[in-house]
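If you want the building blocks of each chain, they are given just below.
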Amino acid sequence: MELNIAERRISVVDSLRGFAVVGIIIIHFLEHLNFYSFPEPTPFEQGLWDTVFYLGASKMYAIFALLFGLSCYIQHHNAEKRGEDFRLRFAWRMLLLFGWGMLDLVFFNGDILCTYAALGLLLIPLVKASDKVLTAVAAMLFIQPIEIFYIIRGLANPQATPMDLGYSHLWDVCFDACANGSFLDVAKAGLTSGLQINFGWAIENGRFTQTFTLFVIGMLLGRKRLFLNEHGSLKFWKNAMACALLLFAVTQVLLLTLHTDQMPPCIAKSVDILLKAWRNFSMMTFYVGGITLLYYTTHMRKAISHLECIGKMSLTDYLLQSIFGGFIFYNWGLGLYTVSSHGISFVLGILFCICLYFFCRFWTSHFRRGPLEELWARATHIKLPTIPFHDAHHAQ
């Protein structure tokens, strides 16, 4: 008998989300929350920075995006089982997420929630699309069509320049606020400049298409029930990891051997974005597949499950890291950016994650959802106005 996915949370998914959240927080603490001002690093600290960013940067957000698409599927699937159409409510839910993102920008100019909310709206027309349509959309976006366009443009005109949306001067606004400003200065810079920076950077660096690709793939994985230990799902993840290793090998070799410095700028930037996107995708797939297999087939399940409580409170976690991280590093708080080297920042990130774990463990043992998750859920399910289509039709 088929198990309804609505009957229970998928624990491995919460653990994967917790893994991604921890990785994101550690990277953000290393970056001083998008505030690139650091004491001169030692060789060891530079190696630490390079290692953490190679293993985690973009891959943790990729996992987050994949699971966002999965959650979208589950929400619509559960509503469908209740005889409801969730699309209008999901649009409202994305508007609420945009509001959470604006709140996040008050503390942290590198917010991702607004981007997720905007792209989430684009999922609505695909909710009832066939698997073939979703696969076609994912494949079309996976090849990075914008980068392909700019490569072709560069081949046709070597003097062509890479995409430039003209937001680079806004970095100085945010940097100055973090370095010298008050809390209100940081909030103003985040709300007026941070939003433009995030959207502009995402478009220029292929992140829009990458993120939406992962949203769609997450929906497909949900439809195929591949995060449940059934119907050959473990075999799927083994095969996915093998393909990921092959893709990683190819892209890594190309990144090491191609002399992009000798290419026209338009081509060089696009090739770099494209290859790194594919490499990051391969590493993300390996992480997700590896953790899923370890969870279902080894004694590491208990250890991995410790991340579950963090994953259940990902929205709360994200806002908390922005608030505490800004207080720790920015001028309006402790201003530790002047003395916090890469090594110290890494340790602070680890300590914050440990504190976060105990907080999430306590909260989830007493409440079903995190505090912000509960507010988001309640606001999502408020009564929305309905249009009496049938009455209007009969009135005619």
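Let me sum up the structure you'll find in this document.

## Details of the overall build of the chain
Thought 1: A count of helical and extended segments in the chain gives 18 helices and zero strands.
Thought 2: Residue burial in the chain is summarised as follows: out of 396 residues, 52% are buried.
Thought 3: For the chain, long-range pairs separated by at least 24 residues make up 81% of all intrachain contacts whose partners lie at least 6 apart in sequence.
Thought 4: In the chain, the 30 positive side-chain charges and the 27 negative ones have mean positions that sit 11 Å from each other.

## Some details on a nonpolar patch on the surface
Thought 1: Where nonpolar side chains cluster on the molecular surface, the patch consists of Val 347, Ile 350, Leu 351, Ile 354 and Phe 358 and spans about 430 Å² of accessible area.
Thought 2: Residue position: Ile 350 is located in helix α16 (residues 342–366).
Thought 3: According to the relative accessible area criterion, Ile 350 is partly exposed, its value standing at 31%.

## Some words on the environment of Ile 124
Thought 1: Within the element layout of this structure, Ile 124 appears in the loop between α5 (113–121) and α6 (131–142).
Thought 2: Relative accessible area serves as the criterion here: at 17%, Ile 124 is assigned to the buried category.
Thought 3: Spatially, the C-alpha atoms of Ile 124 and His 76 are 9.8 Å apart, while their sequence positions differ by 48 residues.
Thought 4: Contacts of Ile 124, omitting those with residues within four sequence positions, involve Arg 87, Phe 90 and Ala 91.

## As for helix α2 (residues 43–56)
Thought 1: In this model α2 runs 20 Å from its N-terminal to its C-terminal C-alpha over 14 residues, within 8% of the 20 Å that 1.5 Å per residue would give.
Thought 2: Residues Glu 45, Leu 48, Trp 49, Val 52, Phe 53 and Gly 56 constitute the buried set of α2. Along the axis of α2, the buried residues cluster in a sector spanning 120°; they form a single face. α2 presents Pro 43 and Phe 44 as exposed residues on the side facing more than 90 degrees away from its buried surface.
Thought 3: Tucked into the core, α2 has its buried residues touching α1 (11–30), α3 (59–81) and α16.
Thought 4: In the segment just after α2, Ser 58 is the residue with positive phi, at about 75°.

## Overview of the pattern of salt bridges
It is possible for side chains bearing opposite charge to pair when their charged atoms get close.
Thought 1: For the coordinates displayed, the defined rule picks out 13 salt bridges.
Thought 2: As a salt-bridge pair, Arg 87 and Asp 85 come within 2.6 Å of each other at their nearest N and O atoms.
Thought 3: Overall, the relative accessible area of 29% leaves Arg 87 in the partly exposed class.
Thought 4: For Lys 312, the salt bridge identified is with Glu 308, shortest N-O distance 3.6 Å.

## Concerning the packing of aromatic side chains
Given two aromatic rings, one states the distance between the centres and the angle between the planes to describe the pair.
Thought 1: One pass over the full model with this rule turns up 30 aromatic pairs.
Thought 2: Judged by centre distance (5.4 Å) and plane angle (75°), the ring pair of Phe 68 and Tyr 116 falls under edge-to-face. Remark: Tyr 116 occurs in helix α5 and Phe 68 occurs in helix α3; sequence separation between them is 48 residues.
Thought 3: In this structure Phe 68 comes out as buried when scored by relative accessible area, which is 14%.
Thought 4: With a relative accessible area of 2%, Tyr 116 lands in the buried category.
Thought 5: Their ring planes at 55° and their centres at 6.4 Å tell us that Phe 86 and Phe 90 sit as a pair that is tilted.

## A look at α5
Thought 1: Of all nine residues that make up α5, seven are buried, and the element is covered over most of its length.
Thought 2: Within α5, the full set of buried residues consists of Leu 113, Cys 114, Thr 115, Tyr 116, Ala 117, Leu 119 and Gly 120.
Thought 3: Along its buried surface, α5 packs onto α3, α4 (87–107), α9 (183–204), α10 (207–223) and α15 (314–329).

## What about unusual backbone geometry?
Thought 1: A positive phi is found at His 32, a non-glycine position, where the angle reads about 55°.
Thought 2: Mapped onto the fold, His 32 is located in the loop between α1 and α2.
Thought 3: Of note in this structure, Ser 58 is not a glycine but carries a positive phi near 75°.
Thought 4: Mapping Ser 58 onto the fold places it in the loop between α2 and α3.

## Examining the side chain of Ser 37
Thought 1: Among the secondary structure elements, Ser 37 is positioned in the loop between α1 and α2.
Thought 2: Discounting chain neighbours no more than four positions away, the residues touching Ser 37 are His 32, Phe 175 and Tyr 337.

## Things to note about the packing of α2 against α16
Thought 1: For the pair α2 and α16, the least separation of the axes is 8 Å and the interaxial angle reads 50°. In this view, α2 runs oblique relative to α16, as classed from their interaxial angle. Contacts between α2 and α16 pair Glu 45, Gln 46, Leu 48, Trp 49 and Val 52 from the former with His 342, Gly 343 and Phe 346 from the latter.

## What to know about the nonpolar core
Thought 1: Membership of the largest hydrophobic core comes to 105 residues, with the highest contact counts inside it found for Tyr 116, Phe 212 and Phe 227.
Thought 2: A per-element tally of this core places α3 first, with 14 residues.
Thought 3: Aside from chain neighbours lying at most four places away, what touches Phe 227 is Ile 10, Val 12, Val 13, Leu 16, Leu 66, Leu 67, Leu 70, Leu 221, Trp 237, Val 288, Thr 292 and Tyr 296.
Thought 4: Counting five residues, the second-largest nonpolar core is a separate cluster that includes Ile 151, Ile 267, Val 271 and Leu 274.

About the criteria used
Residues numbered from 1 in each chain as written. Predicted model: local features only at pLDDT ≥ 70, side-chain atom pairs only at ≥ 80, totals over all residues. Heavy atoms only, no water. Helix = DSSP H or I, 4+ residues; strand = E, 2+ residues; numbered from the N terminus. Buried < 20%, exposed > 50% of the residue type's maximum accessible area, 1.4 Å probe, protein only. Contact = heavy atoms within 4.5 Å. Lys, Arg positive; Asp, Glu negative; His and termini not counted. Charge placed at Lys NZ, Arg CZ, Asp CG, Glu CD. Patch = residues over 30% accessible without salt bridge, like charges linked within 9 Å, V, L, I, M, F, W, Y side chains within 5 Å. Areas by Shrake-Rupley, 256 points an atom, 1.4 Å probe, with all protein chains shown as cover. Salt bridge = Lys/Arg side-chain N within 4 Å of Asp/Glu carboxyl O. Expected span 1.5 Å × (residues − 1). Arc of directions from axis to C-beta. Phe/Tyr/Trp six-rings, centres within 6.5 Å; stacked < 30°, edge-to-face > 60°. Axes fitted to C-alpha atoms, helices over the stretch in contact; angles between N-to-C directions. Parallel < 35°, antiparallel > 145°, perpendicular 65-115°, else oblique. Core = buried A, V, L, I, M, F, W, Y, C linked by side-chain atoms within 4.5 Å.

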